[in-house]
Amino acid sequence: MSMDHVFAALADPTRRAIIDRLRGGDKTAGELAEPLPISRSAVSQHLKVLETAGLITRSKSAQQRIVALNPDSLTEAADWLQAARDEWQQRFDSLDRILAEEVPTDTSTTDPSTADRTAD
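Keep in mind that this is a model prediction, so the values were computed, not measured.

A. Structural detail: the nonpolar core. By size, the foremost hydrophobic cluster in this structure holds 18 residues, and its most contacted members are I18, L47, L50, L55 and I56. For this core, the secondary structure elements donating two or more residues are α1 (3-10), α2 (13-22), α3 (29-33) and α4 (40-52). With residues up to four places along the chain from it excluded, the contact list for L55 reads V6, A9, L10, I19, L50, A68, L69, N70, S73 and L74.

B. Representation of the packing of aromatic side chains within the structure. Scanning all chains against the criterion turns up two aromatic pairs. On the basis of an interplanar angle of 40° and a centroid distance of 6.0 Å, the ring pair of W88 and F92 is categorised as tilted. One end of the pair is W88 and the other is F92, both in helix α5 (residues 71-102) and four residues apart, which spans about a single turn. Classification of W88 by relative accessible area gives partly exposed; the value is 46%. Above the ring of W88, the side-chain terminus of R91 is found at 4.8 Å from the ring centroid.

What counts and what doesn't
Residues numbered from 1 in each chain as written. Predicted model: local features only at pLDDT ≥ 70, side-chain atom pairs only at ≥ 80, totals over all residues. Heavy atoms only, no water. Core = buried A, V, L, I, M, F, W, Y, C linked by side-chain atoms within 4.5 Å. Buried < 20%, exposed > 50% of the residue type's maximum accessible area, 1.4 Å probe, protein only. Helix = DSSP H or I, 4+ residues; strand = E, 2+ residues; numbered from the N terminus. Contact = heavy atoms within 4.5 Å. Phe/Tyr/Trp six-rings, centres within 6.5 Å; stacked < 30°, edge-to-face > 60°. Lys NZ or Arg CZ within 6 Å of the ring centre and 35° of its normal.

Bear in mind that shape data such as this cannot, by itself, settle questions of function.
Here's what the structure looks like:
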């Protein structure tokens, strides 16, 4: 699935709450709907978005719809985020090195409390 679909699905707090509940194990659609302050129809629409993004799978067991977390999609998103974080950390480390080279070692001449105030 597209990373855009994954992040778009995770952008909604209700869908994140559903994902959080599924981390504890598979649940029926009804069990997922119980604590949410929205209709079962709205929950079904959220489940469809999560399924389209590849974050969950739905299967039928007798008359129940079982919803399961698909950890592969979350792993892919986490890997992408980690790579972005690593890249930015390297950039910040490089910036820190550059700034450290440019900072004067004698700070007594740049201390504002000792500056000549006649320039005002």
